[in-house]
Amino acid sequence: MSDVNDLVARYIATWNEIDPAARRAAIDEIWAEDGAYTDPIAVAEGRAEIDATIAAVQGQFPGLTFTLAGPVDAHHDIARFCWELGPAGHEALVVGFDVAVLTADGRIGKVYGFLDKVPTGI
């Protein structure tokens, strides 16, 4: 389970990484080459599209930070976890949870994201 906790922490960190080269290197480390991310607003297939999606979210919410909002729940090759996006030390503007499906080699194969709280206009 500690490996899954570490992987999820690294996943959250990629959403906060603003240096494009460092973000892409982190994505390449933790995501399967054919990884896919899906939420109600975005679908990204492959590492390049995942990177572009994260960059777009950072552009939409500059200066805000993703944080893990509770423990990671995992079994077999599946993990679920809640997260928040907001200014440090203040109430989150966006709240959601993700379900990650891991590959046999311990990378992220798929993430299904759900949004519980979203500002109007998104």
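Our structure's up above, just so we're on the same page.
Described in the following lines is the structure provided in the data block. What you see is a predicted model; the values in this text were computed from it and never measured. (Residues numbered from 1 in each chain as written. Predicted model: local features only at pLDDT ≥ 70, side-chain atom pairs only at ≥ 80, totals over all residues. Heavy atoms only, no water.)

## Description of the pattern of salt bridges
Any two side chains of opposite charge can pair, given that their charged atoms come close.
And step 1. The tally for this structure, following the rule as stated, stands at eight salt bridges.
And step 2. A salt bridge links Arg10 to Glu29, with the nearest nitrogen and oxygen atoms 2.7 Å apart. Pair noted here: Arg10 is in helix α1 (residues 2–16) and Glu29 is in helix α2 (residues 20–30), with a separation of 19 residues, a long-range link.
And step 3. Its salt-bridge partner being Asp105, residue Arg107 comes within 3.5 Å of it at the nearest N-O pair.
And step 4. When salt bridges with common partners are traced through the structure, they connect Asp6, Arg10 and Glu29 into a single cluster. (Salt bridge = Lys/Arg side-chain N within 4 Å of Asp/Glu carboxyl O. Helix = DSSP H or I, 4+ residues; strand = E, 2+ residues; numbered from the N terminus.)

## Notes on helix α3 (residues 47–60)
And step 1. With 14 residues, α3 extends 20 Å from end C-alpha to end C-alpha; this agrees with the ideal 20 Å at 1.5 Å per step.
And step 2. Within α3 the residues assigned to the buried category are Arg47, Ile50, Asp51, Thr53, Ile54, Val57 and Gln58. Looking down the long axis of α3, one finds its buried residues gathered within 160° of arc, a one-sided arrangement. (Expected span 1.5 Å × (residues − 1). Buried < 20%, exposed > 50% of the residue type's maximum accessible area, 1.4 Å probe, protein only. Arc of directions from axis to C-beta.)

## Some thoughts on the pairing of strand β6 (residues 94–102)
And step 1. Because side chains alternate across β6, one face comprises the buried residues Val94, Gly96, Asp98, Ala100 and Leu102, and the other comprises Val95, Phe97, Val99 and Val101, none of which is buried.
And step 2. Pairing of strand β5 (residues 78–86) with β6 involves eight bridges; the strand directions are antiparallel. Residue Arg80 lies in a different strand from β6, and its bridge partner there is Val99.
And step 3. The antiparallel hairpin formed by β6 and strand β7 (residues 108–117) contains five residues in its connecting segment, where Gly106 sits at a positive phi of about 85°. (Pairing = 2+ DSSP bridges.)

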